[in-house]
Amino acid sequence: MAFAADRGVRLAAPVALVLVAGCVVPLAVLFVYSFFKVDFVAIVHDPTVKNYVRVAASATYRGLIGRAILSGAIVAVISAVIAYPVAWAIAKRVYLLKSAYLTLLLIPLYTGDLVRIFAWRVVLGSEGVINSFLMWTGIVHEPIRALLFSPFATHVVLTYDYLPFMVMGLWLAFESLDDRLLEAARDLGAGEVTIFRRIVLPLTAPGLIAGAMMVFVLVVGDYLTPQLIGGSSGITVISAINDLFGTAFDWPLGSAIASSLLIILGLLVTLAALVVARSTWGRSVVSGE
Amino acid sequence: MNVGRADTDGPRAVVLLEALGLAKSYGPVAAVQGVDFRLPVNAYVTLLGPSGCGKTSILRMIGGFETPSAGSLRLDGADLAGVGPAERPVNTVFQSYALFPHMTVADNVAFGLEVKGRDRNETKIRTARALALVRMTDMADRRPNQLSGGQQQRVALARAIVNEPRLLLLDEPLSALDRRMRKDMQIELKDLQRRLGLTFVHVTHDQEEAFALSDHLIVMNAGRIEQQGTPEEIYRRPATTFVADFIGGANLFPGQILATSDGAATIATAFGPVTAASVSGLSVGSTAALCLRPELLTPQPDGPILSTVRHVVFQGADWLVEVEAAERTVTLRLESERGPEPGERLAIGFDAASAWITAGTIATEAGHGVRG
Amino acid sequence: MTFTLRRRELLKSVLAGAAFSAVGPLRPAQAAEAVSWLTWENLAKDDYLAALIEKGGISIEKSFIGTDDEQFAKLRAGGASSVDLITPGLDKVEYYVASNLLQPIDLAKVPNAAKLYDTFKATTLGKKDGKTYGIPFYWGINPVVYRADLMDAEPDWSVFFEGEKYKGKLAMRDYALEGIMIAALYLGIPKDKMFDLDDKQLAEVKKALIAQKKLLRTYWSSIGDLTNLFATGEVVCAFSWVPPYFDLTARGLKMGMAKPKAGVIGWCDTLAIPAGVSGAKLDATLKLVDYLLGPDYGKKLAYGGPYAQSTSSTRDALPAEQQEKIFIKDLSVMDSFVWKANPPRYTEWVALWNEVKAS
């Protein structure tokens, strides 16, 4: 027993080391920097919470953090709505070529974000596919310019970009969902809506939450898509942090905003995990049937 | 080959469910090839057959999970076509129980009542009653994964009967249980059926289970009904060689019919002509089989069947002896102090009064070996 | 046939490259001093430097930078000891000086520095306490580029702030410093006060920039992206760099380039020597600096870049057409130059810029 435990520690050591070196240390450095201040190009190492006060006092930075979280939540919800039927169909209605469908689904991820963004420009632009078609049919006489360079466009592209993560999460959940449970519910008199709400949703919740977490975090961290698709309102908290680190040399303030964002994200993820763990169905779903 | 139709139920039976020409195909595969049956009220009905015989498809059509390719189902005289599973007064106990893993035992049982919008108080009372009926009151707050197989089985039963269906369908409900538990549950199921006065339709491939439970037995093979009736009728008077073989592993000796008379026939077997009771409808010259149950065969010095002992198995109450005779493997049950030795020569006789001649050819060498 | 030819050429250049990298650092065998130059890749092409190398006595080890910030970070992290010459932006020299990373340059040892255009001699940027730390090296302007086929008249800065005519068809670079400079130019704030905006002026700038945001299609952040936006007609006019004008003109679009009278934002990179360089190495480095400001290099850059040197070394040797291309035909353009500098309250500028974008 002692031997096994000892060996476990030794085997886990490299993993722990990589985690600490690759993950904890940079974050710790970031966090420490957030308590310094900057004097032109010199970092002054007197600890201060002034940076956090500035973040809290600034409607802009608060607003940007809030907007990032809202965007993450919106895209997570939209992609869940789209991904449910898709994941269900792949898991339950496709027998042949299942892996082909999944590969197809992942193709956008292989292309790289810039390629996807420029492809969407071709679709949504003033002289793009949709506008050209609408003008050709005569439905509109002027291109709908809000299709591109607008929050709408940003959310369309973000949803497209991160939908595969949601589908994968839900697909895995559906694969392990026993169809006989749905038959049993139907047998007991439940309608389709009730079945979804009381059986499918709780039993696919781990996949939904995993997918939503991934989509949420990826959306919050994506600044390229809003910058290149969102037009004049395409600013994100990430690009603001980038500005502070890059052109303004205000690493402490940048660190403070980044730390605030990380802390809020951490709290939200923890909260979600707690809700799952606390809820009665959460425990049984996680512990498995 | 539907010998012994539903009319064996007699006039006393009030028909609950009637199937007419019921058929189901999955693409080119015909799972059920047009069957007719009538199920009475307050009866324990078993659909018995080997896997792939179509019995589960029939159950699923009754439950509303599959749409018949042809034919009809009538419950209490009303056609079930187009009625979804949620609307049928029929509930199912699934093979794997299909308990909702994220709900407690009580929530599982209450589910059917809740989704039908029953009053909360009524739901509570009926749930408690159903749990009491299957002796699971103490487990009400547990989750399915905290229960044993037998307990899950009882919850699945409670979840179905709490809805007070007209018909309870059970799909291989005991197959996941160990042998002892299975015996106990058989008694409980039968008891429950009597107390509730419901009709149970139970699908199984286990003839022993079918005999233990059934009032009415339907034996199926390859998408058709081979025979239906009481267990005694089916055991003693198998209509086909399939039934004779499948039920209790009768020894079958093929031969041509030499003569027929009212309810009896003479068959030319490898060890000479035998006259015995027979199924009706046999014609002279047709191929049939003499059916001799293992327990009807006894060693007799002047017995007509000459055999060589192959295997001997001690079974406590008796010996199961496998011998080779007339180029066939034949099984005997012997109640004696000591069994024969393998290699020993044995002359076997039987009482023609208990023999039975059944219709049909024997598809394969009756290689069923030693069967319980 | 073509293939063999190509292959031969390829082999030749691969072999030459291998030989260069193998032999290059060994050149000191001929008593050549190796100078390590951290610079942009397009400024250190072999044929640009050939005239100097042929004279002997010096060899050049090149390493390349991706962004100005990266260069600064590299030096701050202790990279100064391995580099003899760097190429910071004129406005960035101040950062390096404040971090004690540079040494003053003895202009007496750089004869070509005498030919610097007046505007570069006069600028206070790159200097501290009267000493030069970064010698202006080459420069250009960031003009207004527009689709001449889609606009009626040559625009000036006001197009980005007023009127509805081109609403939703304009683009501005996503860069706080230039964004605010342009607003200041539009508001008529004098060039010498531009980097010391007071609260009232900052408030005015912010108001102007918020008005501007409503007119913009987008803020651009890569010049390739802006070129794309011009080409697809999403944007008809932008505060830009020069390349889209040439690229799209070459592709047959009717492009225009405006240099507003109120002021044009000029950019300039400098040559600067890290603090630790001394002795023979320093002499060789100064020789390289002088060469980079001289006519041989200047001519190559004028055609290859095309960029203008900060000295007049090669101007008169260029045909008028080429002069025009690099903005040195009519030298009066330099009168309207505004050089980027570091505003003391730059963090507030960045905050303001973010507030505008988030508004």
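Residues numbered from 1 in each chain as written. Chains lettered and ligands numbered in written order. Predicted model: local features only at pLDDT ≥ 70, side-chain atom pairs only at ≥ 80, totals over all residues. Heavy atoms only, no water.

**Some words on the domain arrangement of chain C**
Residue and element names in this part refer to chain C. By domain assignment, chain C separates into domain 1 (10–138 + 268–328) and domain 2 (144–258 + 338–358). For domain 1 versus domain 2, the distance between C-alpha centres works out to 31 Å. Between domain 1 and domain 2, the contact holds twelve residues from the first and ten residues from the second. Note on domain 1 versus domain 2: buried area summed over both sides is about 870 Å², and carbon and sulfur give 61% of it. When residues of domain 1 are sorted by the area they lose upon contact with domain 2, Asp91, Leu125 and Phe327 head the list and together hold 44% of the total. Scanning the region where domain 1 abuts domain 2 turns up zero salt bridges. Where domain 1 meets domain 2, there are four residue pairs in polar contact (both at pLDDT 80 or more). Listed by contribution, the elements that provide at least two residues to the side of domain 1 that touches domain 2 are α4 (93–98) and α5 (118–122). (Domains from an automatic or database assignment. Contact = heavy atoms within 4.5 Å. Buried area = accessible area lost by both parts, 1.4 Å probe. Salt bridge = Lys/Arg side-chain N within 4 Å of Asp/Glu carboxyl O. Polar contact = N/O pair within 3.5 Å; in protein donor to acceptor, adjacent residues only side chain to side chain. Helix = DSSP H or I, 4+ residues; strand = E, 2+ residues; numbered from the N terminus.)

**Regarding the packing of aromatic side chains**
Geometry of an aromatic ring pair is reported as the spacing of the ring centres plus the angle between the planes. Inspection of the entire model under this criterion finds 40 aromatic pairs over all chains. Aromatic pair B:Phe314 and B:Trp319: ring centres 4.8 Å apart, planes at 50°, arrangement tilted. Centroid distance C:Trp37 to C:Phe137: 6.2 Å. Interplanar angle 55°. Geometry classified as tilted. Taken as a pair, C:Trp37 in strand β1 (residues 33–39) and C:Phe137 in strand β6 (residues 134–142) lie far apart in primary sequence, 100 residues in all. (Phe/Tyr/Trp six-rings, centres within 6.5 Å; stacked < 30°, edge-to-face > 60°.)

**Brief notes about the sheet that holds strand β16 (residues 305–314) of chain B**
Note: strands within a sheet are paired through backbone hydrogen bonds, in either parallel or antiparallel orientation. Residue and element names in this part refer to chain B. Read from one edge of the open sheet, five strands run β15-β19-β16-β17-β18, paired in antiparallel fashion. The open sheet terminates on both sides in strands that have one partner only, identified here as β15 (297–299) and β18 (328–334). Sheet twist, expressed as the average angle between the axes of neighbouring strands with direction ignored, equals 45°. With three bridges connecting them, β15 and strand β19 (residues 345–350) associate as antiparallel partners. When the sheet's bridge partners are listed, Thr298 is paired in β19 with Gly349. (Pairing = 2+ DSSP bridges. Axes fitted to C-alpha atoms, helices over the stretch in contact; angles between N-to-C directions.)

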